[in-house]
Amino acid sequence: MKKILLGAGIVVVLLLAVSAVQQNSSLQEMEPMKTPELKDPSRVGDYGVYALELPKTLDFAGESVPLHHPDIKERADREFLVNTYWQSNGIMLVKKSKKYFPVIEAILAEEGIPDDFKYLAVIESGLDNVKSPAGASGFWQIMSATGKELDLEVNSNVDERYHLEKATRAACKYLKDSKERMGTWTLAAAAYNAGNAGINRELERQQATSYYDLLLGQETGRYVFRILALKEILKSPESFGFNVEPEQYYYQVPTKKILVDYEIDDLAAFAKANSINYKILKIHNPWLRENKLNNKSGKLYEIEIPENGYYD
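The structure displayed is predicted, hence computed values, not measured ones.

Caption draft 1: Quick look at the packing of aromatic side chains. Under the criterion given, the structure shown has 11 aromatic pairs. Both rings, one in Phe101 and one in Tyr119, keep their centres 5.6 Å apart while their planes meet at 90°; by these two values the pair is edge-to-face. A residue pair is termed long-range when its members are at least 10 positions apart, and Phe101 in helix 3 (residues 87-111) and Tyr119 in helix 4 (residues 118-125) qualify at 18 residues. The residues Phe101 and Tyr119 share a single accessibility class, namely buried. What links up through ring pairs into an aromatic cluster is the set Phe60, Phe117 and Trp185. Taking the ring centre of Tyr162 as reference, the NZ or CZ of Arg289 above it sits at 3.8 Å.

Caption draft 2: Representation of unusual backbone geometry in the model. Of note, Ala61 is a non-glycine position whose phi angle comes to about 55°, a positive value. Mapped onto the fold, Ala61 is located in the loop between strand 1 (59-60) and strand 2 (63-64). Its identity is not glycine, yet Asp151 carries a phi of approximately 70°, on the positive side. Mapped onto the fold, Asp151 is located in the loop between helix 5 (144-149) and helix 6 (164-182). Residue classification places Asp151 among the exposed residues on the basis of a relative accessible area of 60%.

Caption draft 3: Representation of the pairing of strand 4 (residues 301-306). With respect to burial, strand 4 is a largely interior element, five of its six residues being buried. Sheet topology places strand 3 (residues 255-260) next to strand 4; six bridges connect them, and they run antiparallel. Bridged to Leu259 within strand 4 is Glu302.

Caption draft 4: Structural view of the pattern of salt bridges. Enumeration over the complete set of coordinates arrives at 18 salt bridges. Across the pair Glu110 and Arg169 runs a salt bridge, and its minimum N-O distance is 2.7 Å. Of the two residues, Glu110 is situated in helix 3 and Arg169 in helix 6; the sequence distance between them amounts to 59 residues. Accessibility expressed as a relative area gives 30% for Arg169, which makes it partly exposed. Note that Glu160 and Lys299 form a salt bridge whose closest N and O atoms lie 3.9 Å from each other. Highlighted residues: Glu160 in the loop between helix 5 and helix 6 and Lys299 in the loop between helix 11 (278-284) and strand 4, separated in sequence by 139 residues. Given the relative accessible area of 4%, Glu160 is considered buried.

Conventions adopted
- Residues numbered from 1 in each chain as written.
- Predicted model: local features only at pLDDT ≥ 70, side-chain atom pairs only at ≥ 80, totals over all residues.
- Heavy atoms only, no water.
- Phe/Tyr/Trp six-rings, centres within 6.5 Å; stacked < 30°, edge-to-face > 60°.
- Helix = DSSP H or I, 4+ residues; strand = E, 2+ residues; numbered from the N terminus.
- Buried < 20%, exposed > 50% of the residue type's maximum accessible area, 1.4 Å probe, protein only.
- Lys NZ or Arg CZ within 6 Å of the ring centre and 35° of its normal.
- Pairing = 2+ DSSP bridges.
- Salt bridge = Lys/Arg side-chain N within 4 Å of Asp/Glu carboxyl O.

Next up, the structure:
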């Protein structure tokens, strides 16, 4: 029996060997595989990413940017590239700027602040009532203590850092003070990020007089250049590839102001009594931070209620 099994095994091995030889011979007769030639060597078809040509001149609040300095040109180029190719954010900023710039521009003009500072609000918050990890809040990213110093009411019930008009006027106070201390609007803008004391300290330590001559940390070092880039992009979005039709812009809903010098125990009930809901009340009055208004002192507040027909 063992001899029979051994013989059968030898036959199987021989058959496998013959088969392998035949397959190898067949493969050798085949033509070698050729790599197909690409008609277009580009790996991305018709899509292309392009470097940008910087504007010949740049200025902030009428103060020239020394683009002839190699480092200044590179730093400007970085911010133009980053913000041009952040397409979704660019489109959103174009849309939101049409809604909020008219409000901010009017206040800047009244307060004697250059119009270019509206772009500072853009880079601070993206034109949104955000709160930073450090606690800075609102469009202008004002810290709690600074807000109080600038005569804003800041507490858990009412926080006027989220009130666009009042926060803009508070930011104007800060900027005017910085300009008086620093001497230029560019340094005042940098001081909005790093603080007056911080910029003054670096000016003295580095024996410099201009923002563009200072070696600063990355955030403040990029700060003014980000403003410059967003200024040019939002002034002429089509030139940077952002195409938004007028009907796609966001817009301000007209409101009427209701004067309130009393406590409101339930803002949802107050909203309903004014023919809107709680959500809409909070959208138009983000400075109301709770579901009630504490007002034991009888302070006069203005609560905005949208005109009829916009939320029907």
